[in-house]
Amino acid sequence: MRLGLLYSGGKDSTLAALLLAEFYDVTLATAHFGVTDDWKHARATARELDFPFERIELDRDVAREAADRIREDGFPRHGIEHVHRHALEAVAREGFDAVADGTRRDDRVPTVSRAQAQSLEDHHDVDYIAPLSGFGRSAVDDLVDAHLDVTVGPSAEITRADYEAELRALVADDGGAIGEYFPDHEQTHVTGVR
């Protein structure tokens, strides 16, 4: 069975790919808006890991809506959630039997509710899988430390291919101060498997 995994090149989505590869023909799918060329970082990691890669272009209006929401709210949660749902729908339209992401049990953003997962499955006749939903951060970190080579650092400095990077660029283009909307946190970029 073919599975499209939303992929950023970070530790969570990479770990999800490795777990799912035992049961599915996994394609790493990076969804982007064309705001930046950060998707290339995910493609490079996919090649390093020897997984098929697909780039999925998203509707730029969704990015603008998300950036507007971030500015209105003063924080990124709802904007990123909006983009994540759109990205899952876009992957589901690519003809996969299943779609997945790297969301963990204790993630705050993005999350997929049971109702959202059922809606995605019903509307697109796919299975939605969140293989890390039973894993907390500590368990993920232990597995990553044992099996992956990872670069870790501040969000603004780590090369990756997630929605946040493009949303940061859109907010900055509109004169927004990134620090006002996006709290400091660490990101990861996988460079290899041990």
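Because the structure is predicted, anything quoted here is derived from the model rather than measured. (Residues numbered from 1 in each chain as written. Predicted model: local features only at pLDDT ≥ 70, side-chain atom pairs only at ≥ 80, totals over all residues. Heavy atoms only, no water.)

Chemist: So what about the pairing of strand β3 (residues 53-57)? Which residues, and what values?
Modeler: When strand β2 (residues 25-32) meets β3, the two strands line up parallel, connected through 5 bridges. What sits directly across from L28, in β3, is F53. With helix α2 (residues 39-49) bridging β2 and its parallel neighbour β3, the resulting β-α-β unit is right-handed. (Pairing = 2+ DSSP bridges. Helix = DSSP H or I, 4+ residues; strand = E, 2+ residues; numbered from the N terminus. Right-handed = clockwise from strand over helix to strand, strands pointing away.)

Chemist: An account of the sheet that holds strand β1 (residues 2-6) is requested, with residue identities and associated values reported.
Modeler: Think of a sheet as strands paired side by side through backbone hydrogen bonds, with each pair either parallel or antiparallel. Pairing is parallel in the open sheet, where 5 strands are placed in the order β3-β2-β1-β4-β5. Strand pairing shows two members of the sheet lacking a second neighbour, β3 and β5 (127-129), which therefore form its edges. Here the average twist between neighbouring strands, direction ignored, is 30°. Note: β1 against strand β4 (residues 98-100), 3 bridges, orientation parallel. The residue of β4 that forms the bridge with L5 is A100. The strands touched by α2 within the sheet are β2 and β3, with β3 carrying the most contacts at an inclination of about 165°. (Axes fitted to C-alpha atoms, helices over the stretch in contact; angles between N-to-C directions. Contact = heavy atoms within 4.5 Å.)

Chemist: Can you explain a negative patch on the surface? Please cite residues and give values.
Modeler: Taken together, the side chains of D25, D97, D125 and D127 define an acidic patch exposed on the protein surface. Position of D127 among the secondary structure elements: in strand β5. Here D127 falls in the partly exposed class, since its relative accessible area comes to 36%. (Patch = residues over 30% accessible without salt bridge, like charges linked within 9 Å, V, L, I, M, F, W, Y side chains within 5 Å. Areas by Shrake-Rupley, 256 points an atom, 1.4 Å probe, with all protein chains shown as cover. Salt bridge = Lys/Arg side-chain N within 4 Å of Asp/Glu carboxyl O. Lys, Arg positive; Asp, Glu negative; His and termini not counted. Charge placed at Lys NZ, Arg CZ, Asp CG, Glu CD. Buried < 20%, exposed > 50% of the residue type's maximum accessible area, 1.4 Å probe, protein only.)

Chemist: Got a sec to walk through the environment of D141? Specific residues and values, please.
Modeler: Locating D141 in the fold gives a position in helix α6 (residues 137-147). Along the primary structure D141 and Y128 are separated by 13 residues, whereas in three dimensions their C-alpha atoms are 24 Å apart.

Chemist: Could you give an account of the side chain of K11, naming the residues involved and the relevant values?
Modeler: Checked against the element boundaries, K11 lands in helix α1 (residues 11-20). Looking at K11, its side chain comes within polar contact range of the side chain of D141, at 2.3 Å. Residues in contact with K11, not counting those within four places in the same chain, are R137, V140, D141, V144, L148, T188 and V190. (Polar contact = N/O pair within 3.5 Å; in protein donor to acceptor, adjacent residues only side chain to side chain.)

Chemist: Outline the packing of aromatic side chains, supporting the account with residue identities and numerical values.
Modeler: Summed over all chains, the structure comprises 1 aromatic pair. Between W39 and F53, the aromatic rings sit 6.5 Å apart at their centres with planes inclined by 15°, giving stacked as the arrangement. Residue W39 is found in helix α2, and its partner F53 is found in strand β3; the two are separated by 14 residues along the sequence. Relative accessible area serves as the criterion here: at 23%, F53 is assigned to the partly exposed category. R55 extends its terminal NZ or CZ atom over the ring of W39, reaching a point 4.2 Å from the ring centre. (Phe/Tyr/Trp six-rings, centres within 6.5 Å; stacked < 30°, edge-to-face > 60°. Lys NZ or Arg CZ within 6 Å of the ring centre and 35° of its normal.)

Chemist: Tell me what's going on with the pattern of salt bridges, and back it up with residues and numbers.
Modeler: Under the counting rule described, the total for this entry stands at 11 salt bridges. Its salt-bridge partner being K11, residue D141 comes within 2.3 Å of it at the nearest N-O pair. Of this pair, D141 sits in helix α6 while K11 sits in helix α1; the two residues are 130 residues apart in sequence, bridging distant segments of the chain. D37 is paired through a salt bridge with K40; the nearest N and O atoms lie 3.9 Å apart.

Chemist: Give a detailed account of the packing of helix α3 (residues 60-73) against helix α7 (residues 163-173), specifying residues and quantitative values.
Modeler: Running from N to C, α3 and α7 cross one another at 70°; their axes reach a closest spacing of 9 Å. One finds that α3 runs roughly perpendicular with respect to α7. Of the two elements, α3 crosses α7, and the hand of that crossing is right-handed. Contacts between α3 and α7 involve A63, R64, A66, A67, I70 and R71 from the first element and L167, L170 and V171 from the second. (Parallel < 35°, antiparallel > 145°, perpendicular 65-115°, else oblique. Left-handed = near helix turned anticlockwise from the far one by under 90°.)

From the geometry alone we can't say anything about function, so treat these as descriptive.
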